Amino acid sequence: QVQLVESGGGLVQAGGSLRLSCAASGRTFSSYCMGWFRQAPGKEREFVAGITGTGGMTYYPDSVKGRFTISRDNAKKTVYLQMNSLKPEDTAVYYCAAVISFSTRRVGVRESEYDYWGQGTQVTVSS
């Protein structure tokens, strides 16, 4: 079992940056593949970043590649999402998710692949 708590959301102007954090409970954080998803009003939840347990591999969809960076600090049991060059279309509730995985070559990209979810943090980008 792992509990996830996101923080760092807020209101930012287009072109600005935010860093989201997701703090996890439990003793085996490095065994978890971590992902970030987002959900805008009226839209389905979408994957925005994933990272393997060791942090050796990351994956992003084209919509955020080059602007978002996921990282993790296993000693602090925390995963981060650095978001730069933000656009109004990035406005959404951002969720952290976790699943036990020892894979070093793949991260989950679908909601159904993750077992644990945080409560979400709102990110609003004004134009």
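For clarity, every value in this text was computed on a predicted model and none was experimentally measured.

**Student:** Is there a simple way to explain the state of the cysteines in this structure?
**Tutor:** Here a disulfide denotes one covalent bond, and it connects the sulfur atoms of two cysteines. Scanning the model with the defined rule gives one disulfide in all. What pairs with Cys 22 in a disulfide is Cys 96, and their sulfur atoms sit 2.1 Å apart. When the S-S torsion is -80°, as for the bridge of Cys 22 with Cys 96, the disulfide is left-handed. Taken together, the positions of Cys 22 in strand β3 (residues 18–24) and Cys 96 in strand β9 (residues 92–100) put the pair 74 residues apart, joining distant regions of the chain. The same class applies to Cys 22 and to Cys 96, which are both buried.

**Student:** Could you clarify how one ought to interpret the pairing of strand β7 (residues 68–73) in this entry?
**Tutor:** Two faces make up the sheet, and in a regular strand the side chains alternate between them. Only one face of β7 is covered, namely the face carrying Phe 68, Ile 70 and Arg 72; the face carrying Thr 69, Ser 71 and Asp 73 is uncovered. In terms of strand pairing, β7 meets strand β8 (residues 78–83) through six bridges, oriented antiparallel. Bridging across to β8, Ile 70 finds its partner in Leu 81.

**Student:** What is the right way to read the side chain of Arg 67 from this model?
**Tutor:** Residue placement: Arg 67 occurs in the loop between β6 (58–59) and β7. Accessibility expressed as a relative area gives 10% for Arg 67, which makes it buried.

**Student:** What am I meant to see in the pairing of β9 here?
**Tutor:** Burial of β9 is extensive: seven of the nine residues sit out of reach of the surface. Relative to β9, strand β4 (residues 32–39) runs antiparallel, the two being bridged by eight bridges. Paired with Cys 33 across the bridge in β9 is Val 99. Both β9 and strand β11 (residues 121–126) contribute to a ladder of three bridges, which runs antiparallel. What sits directly across from Val 93, in β11, is Gln 122. Here β9 runs beside strand β10 (residues 116–117); their pairing, made up of two bridges, is antiparallel.

**Student:** What is the right way to read the nonpolar core from this model?
**Tutor:** Soluble globular proteins tend to pack their nonpolar side chains together in the buried interior. By size, the foremost hydrophobic cluster in this structure holds 29 residues, and its most contacted members are Met 34, Trp 36, Val 79, Leu 81, Met 83 and Tyr 94. Elements with a contribution of two residues or more to this core: β3, β4, β5 (46–51), β7, β8, β9 and β11. Counting residues in each nonpolar core, the second largest holds seven residues, with Cys 33, Phe 47, Ala 97 and Val 99 among its members.

**Student:** Help me understand the pattern of salt bridges in this model?
**Tutor:** For side chains of opposite charge, pairing can occur when their charged atoms come near one another. The tally for this structure, following the rule as stated, stands at seven salt bridges. Across the salt bridge formed by Lys 65 and Asp 62, the nearest N and O atoms sit 3.4 Å from each other. With a closest N to O distance of 2.7 Å, Arg 67 and Asp 90 form a salt bridge. Taken together, the positions of Arg 67 in the loop between β6 and β7 and Asp 90 in the loop between β8 and β9 put the pair 23 residues apart, joining distant regions of the chain. Here the salt bridges do not stand alone but share partners, grouping Arg 38, Glu 46, Arg 67 and Asp 90 into one network.

What counts and what doesn't
- Residues numbered from 1 in each chain as written.
- Predicted model: local features only at pLDDT ≥ 70, side-chain atom pairs only at ≥ 80, totals over all residues.
- Heavy atoms only, no water.
- Disulfide = S-S within 2.5 Å.
- Helix = DSSP H or I, 4+ residues; strand = E, 2+ residues; numbered from the N terminus.
- Buried < 20%, exposed > 50% of the residue type's maximum accessible area, 1.4 Å probe, protein only.
- Pairing = 2+ DSSP bridges.
- Core = buried A, V, L, I, M, F, W, Y, C linked by side-chain atoms within 4.5 Å.
- Salt bridge = Lys/Arg side-chain N within 4 Å of Asp/Glu carboxyl O.

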